[in-house]
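# Report on the structure
The primary structure of each chain is shown beneath.
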Amino acid sequence: MTEITSSAAPPLPATAEKLKFYGLWVTAAVALLLLPKIFGSGGSLTTFSLIGISIIFSLSYNILLGQTGMLSFGHAVYYGLGGFLVIHAINIIGVNKLPIPLPIVPLIGGLTGLLFAVLLGWVSTQRSGTAFAMISLGVAELIASSALILRTFFGGEAGISANRTKLLRMFDWNFGPQIQIYYLVAAWTLIAVIAMYALTRTPLGRMCNAVRDNPERVQFVGYDPHVVRYFAFCFAGFFAGIAGALAAINFEIANSAYLGAVQSGTVLFATYIGGVGFFIGPIVGAIFVTLLSLGLSDLTPVWQLYFGLIFIAVVVFAPGGITGLLMMHRPLLKAGTLAKVLPSYLIAFVPTLAMIAGLILSIETIVHYTVNPGDDSHIKAFGVSFDAASPYIWAMAAILLIGGFLVARKTWTWVGHAWDTATSVAREKGIAA
Amino acid sequence: MLELTVISTLNGVLFGMLLFLMASGLTVIFSMLGVLNFAHASFYMLGAFFGFQISRWFGFWPALVIAPLLAGAIGAGVERFGLRRVHKNGHVAELLFTFGLAFVIEEIVQIIWGKSPVDFRVPPSLDFSAFTIFSTNYPAYKMFMLLVSIAIFAGLLIVLKKTRIGLIVQAALTHPHMVGHLGHNVGRIFMLVFGVGTALAAVAGVIAGPALVTQANMAGLLGPILFVVVVVGGLGSLPGAFVASLLIGLVQTFAVSMNGSLSGAFGPLGPDYASTWLADIWGVTIAQIAPIMPYVLLVLILVFRPMGLLGTRDT
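From a predicted model like this one, the values you see are computed outputs, not experimental measurements.

Attention now moves to the overall build of chain B. Along chain B, the regular secondary structure elements total 13 helices and two strands. Relative to a compact globule of 315 residues, whose C-alpha radius of gyration would be 20 Å, chain B shows 21 Å and is just as compact. Counting the 315 residues in chain B, one finds 51% classified as buried. In chain B, once contacts between residues fewer than 6 apart in sequence are set aside, the share between residues at least 24 apart is 78%. A total of about 14100 Å² of accessible surface is found on chain B, and carbon and sulfur atoms cover 70% of it. Of the side-chain charges in chain B, 14 are positive and 10 negative, and the distance between the mean point of each set is 19 Å.

Let us now look at the interface of chain A and chain B. The figure often quoted for interface size is the accessible area lost as the parts come together. Contact residues are listed per partner, giving 43 residues for chain A and 44 residues for chain B. In total, about 3700 Å² of surface goes out of reach between chain A and chain B, with carbon and sulfur atoms giving 78% of it. Counting the surface chain A buries against chain B, the share from its top three residues, A:Arg127, A:Met134 and A:Ile149, is 17%. Summed over the shared surface of chain A and chain B, the number is zero salt bridges. Across the contact surface, chain A and chain B share zero residue pairs in polar contact (both at pLDDT 80 or more). Looking at the side of chain A that touches chain B, the elements that each hand over two or more residues are α6 (129-149), α7 (151-154), α12 (261-274), α14 (303-317) and α17 (338-371) of chain A.

Proximity of charged atoms lets side chains of opposite charge pair with each other. Applying the stated criterion to the full structure yields two salt bridges over all chains. For A:Asp213, the salt bridge goes to A:Arg212, with nearest N and O atoms at 3.0 Å. A:Asp213 gets classed as exposed once you look at its relative accessible area, which sits at 55%. Between B:Glu79 and B:Arg84 there is a salt bridge, with its nearest N and O atoms 3.2 Å apart. For B:Glu79, a relative accessible area of 3% puts it in the buried group.

With that settled, consider the nonpolar core. Among the nonpolar cores identified, the biggest contains 198 residues, and A:Leu71, A:Phe73, B:Met32, B:Leu36, B:Phe38 and B:Ile207 are the most heavily contacted of them. Broken down by element, the residue count for this core peaks at 16 residues, all from helix α1 (residues 2-33) of chain B. The contact partners of B:Leu36, leaving out residues within four places of it in the chain, are A:Thr130, A:Met134, B:Leu26, B:Phe30, B:Leu95, B:Thr98, B:Phe227, B:Val230 and B:Leu235. Counting 10 residues, the second largest nonpolar core, distinct from the first, contains A:Val341, A:Tyr345, A:Ala348 and A:Ala426.

All right, on to a nonpolar patch on the surface then. Residues and elements named next belong to chain A. Together, Val26, Val30, Leu33, Leu34, Ile38 and Phe39 line one region of the surface with nonpolar side chains, adding up to about 580 Å² of accessible area. Locating phenylalanine 39 in the fold gives a position in the loop between α2 (15-38) and α3 (42-67). A residue is classified by how much of its surface remains accessible, and phenylalanine 39, at 45% relative accessible area, is partly exposed.

Another aspect to go through is the packing of helix α8 (residues 178-201) of chain A against helix α9 (residues 203-213) of chain A. Residues and elements named next belong to chain A. Look at α8 against α9: their axes get within 4 Å of each other, and the N-to-C directions meet at 70°. Classified by the interaxial angle, the pair formed by α8 and α9 is roughly perpendicular. Note on element contacts: α9 touches α8 through Pro203, Leu204, Gly205 and Arg206, opposite Leu199, Thr200 and Arg201.

An α-helical turn contains 3.6 residues, so a residue and the one three or four places further along point in the same direction. Residue and element names in this part refer to chain B. Across its 32 residues, α1 extends 45 Å between first and last C-alpha, which sits within 8% of the 46 Å expected from 1.5 Å per residue. Of all bends in α1, the biggest is about 25°, found at methionine 22. Where burial is concerned, most of α1 is hidden: 24 out of the 32 residues are buried.

A few words now on the side chain of B:Ser245. Counting through the fold element by element, B:Ser245 comes out in helix α10 (residues 238-256). Within the structure, the side chain of B:Ser245 is placed 2.6 Å from the backbone oxygen of B:Ala241, a separation counted as a polar contact.

Once that is clear, we can look at empty space enclosed by the protein. Residues and elements named next belong to chain A. Counted under the stated rule, the structure contains three cavities of 30 Å³ or more. What lines the largest cavity is simply Ile63, Gln67, Leu199, Thr200, Gly205 and Cys208. Of all the elements in the fold, those that place two or more residues in the lining of the largest cavity are α3, α8 and α9. Partitioned by chemical class, the residues of the lining of the largest cavity number three nonpolar, three polar and no charged. The volume enclosed by the second largest cavity comes to roughly 40 Å³. Lining of the second largest cavity is provided by Ser72, Gly74, Tyr78, Ser124, Ser136, Val139 and Phe233.

Time to look at unusual backbone geometry. Of note in this structure, A:Glu252 is not a glycine but carries a positive phi near 60°. Here A:Glu252 is to be found in the loop between α11 (225-251) and β2 (253-254).

Residue and element names in this part refer to chain A. If you trace the backbone, methionine 328 turns up in helix α15 (residues 321-328). Judged by relative accessible area, methionine 328 falls into the partly exposed class, the value being 41%. The spatial distance from the C-alpha of methionine 328 to the C-alpha of valine 86 is 41 Å, given a sequence separation of 242 residues.

Between its first and last C-alpha atoms helix α5 (residues 105-124) of chain A spans 28 Å; for 20 residues at 1.5 Å apiece the expected length is 28 Å, and the two agree. The largest bend along α5(A) reaches roughly 35° and is located at A:Val118. Along α5(A), the residues that are buried comprise A:Val105, A:Pro106, A:Gly109, A:Gly110, A:Thr112, A:Gly113, A:Ala117, A:Gly121, A:Val123 and A:Ser124. Packing partners of the buried residues in α5(A) comprise α4 (76-96), α6, α8 and α11 of chain A together with α13 (293-304) of chain B.

Turning to the packing of aromatic side chains, a few remarks are in order. Applying the stated rule across the entire model yields 38 aromatic pairs over all chains. A ring pair is formed by A:Phe132 and A:Phe233, whose centres lie 6.1 Å apart and whose planes are at 90°; its orientation type is edge-to-face. With A:Phe132 in helix α6 and A:Phe233 in helix α11, this pair connects stretches of sequence that are 101 residues apart. Summarising the burial analysis for this pair, A:Phe132 and A:Phe233 share the class buried. Joined through ring pairs, the aromatic side chains of A:Phe73, A:Phe269, A:Tyr272, A:Trp303, A:Phe307, A:Phe311, B:Phe38, B:Phe99, B:Phe103 and B:Phe227 make up one cluster. The ring of B:Phe81 is capped by B:Arg80, whose NZ or CZ atom sits 5.3 Å from the centre of that ring.

Cut-offs and rules
- Residues numbered from 1 in each chain as written.
- Chains lettered and ligands numbered in written order.
- Predicted model: local features only at pLDDT ≥ 70, side-chain atom pairs only at ≥ 80, totals over all residues.
- Heavy atoms only, no water.
- Helix = DSSP H or I, 4+ residues; strand = E, 2+ residues; numbered from the N terminus.
- Rg over C-alpha atoms; globule rule 2.2 N^0.38 Å.
- Buried < 20%, exposed > 50% of the residue type's maximum accessible area, 1.4 Å probe, protein only.
- Contact = heavy atoms within 4.5 Å.
- Areas by Shrake-Rupley, 256 points an atom, 1.4 Å probe, with all protein chains shown as cover.
- Lys, Arg positive; Asp, Glu negative; His and termini not counted.
- Charge placed at Lys NZ, Arg CZ, Asp CG, Glu CD.
- Buried area = accessible area lost by both parts, 1.4 Å probe.
- Salt bridge = Lys/Arg side-chain N within 4 Å of Asp/Glu carboxyl O.
- Polar contact = N/O pair within 3.5 Å; in protein donor to acceptor, adjacent residues only side chain to side chain.
- Core = buried A, V, L, I, M, F, W, Y, C linked by side-chain atoms within 4.5 Å.
- Patch = residues over 30% accessible without salt bridge, like charges linked within 9 Å, V, L, I, M, F, W, Y side chains within 5 Å.
- Axes fitted to C-alpha atoms, helices over the stretch in contact; angles between N-to-C directions.
- Parallel < 35°, antiparallel > 145°, perpendicular 65-115°, else oblique.
- Expected span 1.5 Å × (residues − 1).
- Bend = angle between axes of the 7 residues up to and from the residue.
- 1 Å grid on protein atoms, 1.4 Å probe; cavity = no way out; pocket = protein on both sides within 12 Å on 5 of 7 lines; lining within 4 Å.
- Points joined across faces, edges and corners; volume = space filled by probe spheres on them.
- Nonpolar A, V, L, I, M, F, W, Y, C, P; charged D, E, K, R; others polar.
- Phe/Tyr/Trp six-rings, centres within 6.5 Å; stacked < 30°, edge-to-face > 60°.
- Lys NZ or Arg CZ within 6 Å of the ring centre and 35° of its normal.

Here is the structure:
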């Protein structure tokens, strides 16, 4: 018996590894503390807060998609309901002068998310795969449409608002200034990230992975996949509720858009673009997508189109997301064969960039002619000015697009060859690819 | 009351047949490729907008033929160059691909035709009332829509039941791998089925465009209802999709024409509750909750019959 346990259980980590592990979390905490010292402007503090909220939301979504293999199109329901309940809670606490400070209010949102996940989850998680995706969509539409009918509670189109500064003060903070909200969001983000990471290390977290990979086998072992999915769903709802609560506190308003399909789509985009295969993936995705949506909207009026195209490109070419792409290179780095691939990357990037530039140029030109045809044809997109009416620009767009595509296709096969040789060398050295 | 019943039944059957035009394509695509095409409603929207544009240039009748062909060609291209590449990454990736596609199509439609509704009118040759029933004029265009849907439904039935192609498609519904083993070019069948399925959705778009509102959000409004139809009917079941389409069409149409509410049935609430959220539930009419009826039906079906009305296969 002891032999079995000793061979089944992983060896206790060495002190150095432990130090590395805890050092990582401490570094993250210190970085969160110091961030406002470096970027202190109001705009960047708001951005950081949004990123923090998005990180919690995306990680909670990844409990479903990445850990348990459930593709949900309605995760914003729990986010939104958490937000609404928190706004109501702040109003009630403020009126009745209850001794509850703002920092623990997000817990109310989390519990709301949990409650609704407990209620709706049992039906939703009965089936997995495509059926679950459709059911989550239907349930989300049901809740979102009901929110517009129950006007007193959800405030109709306008939503409901609250004043976060009227609550019991803690350390003389009233949470009016953005910096205090930043620290609140940062603290909750750290707590939630640690909790969700810990969740992946529990037996439940492991069973979730098993249900994702082979539900039939899980049944043989004696677990009910439905129950495991249900638990995962409840945890995801809880953390989504916390994210929604923080968003509601940040904006001091909750409206029906919180619950809607757009919000559900955004979290799906963020999680998938970041990468569902690794715990850190959704964090990367949340940062990337938040910055992208804030940055792109300044650069071009049709940023959502680019957003969708990026998502499709990730689905088609990099199903592992950004982190998946980066992690692919780890065995090569270990084997020291990364240098074999890099030159072919450099070669491939030139025509690929040319193709993307051609695509952007064509899109912006077409947008000019369809959206505002009467305007001056000298338009500016991505910080570059050009004349959309000039045939030279059209020719350049066409050449870049078609020429870039033809050359890029060729160069990416070279990348493939270089990749194959590099991985086979790595495999010979005994490093699993 | 009788008038209401007759008119609502007509409208409900009409809406149900339109839903089935889309749901049939969606079901066949799902059964063969194993992927639920999230962008199916987007092809319905593309059909409506292509129909609008072509009917402006050449008239309504050419549009009725060209727009579905165009949308079907785009659909076939999507399968050939998009879905087939993603296939190796599994069903989740395929579903996400179509999800992204739906997002992009909506953006493109917004860029080209704008966000506000376009002026897609009933062709003059059909702009008269077909018959008068209990003092209500029933527009001929609606009868035309009904006829087109029934004609396509009958055509589909004949093709599926009486031809060799239909035989292969039917076989692929239940045993997709076996069809491949028997030496059929599964890739080409998939592309064809995807193209025909999206073309059917586009037909629904062209004929529904003038009667409903042709707007960039029409796919987002109809898409979820379409998925409800497919899940309620049972994923992959064509008869199930038919029953569910009619059921949801009728339920929604009847709900819209009813004005009852709890306060109408039991009298108004006491003044103590007048400003609470209970008043919302008490005062809401059946017509107001018509949009959520399909989703309520979905939840009920899931509780009592998780595999759908006529579904047998678990995904």
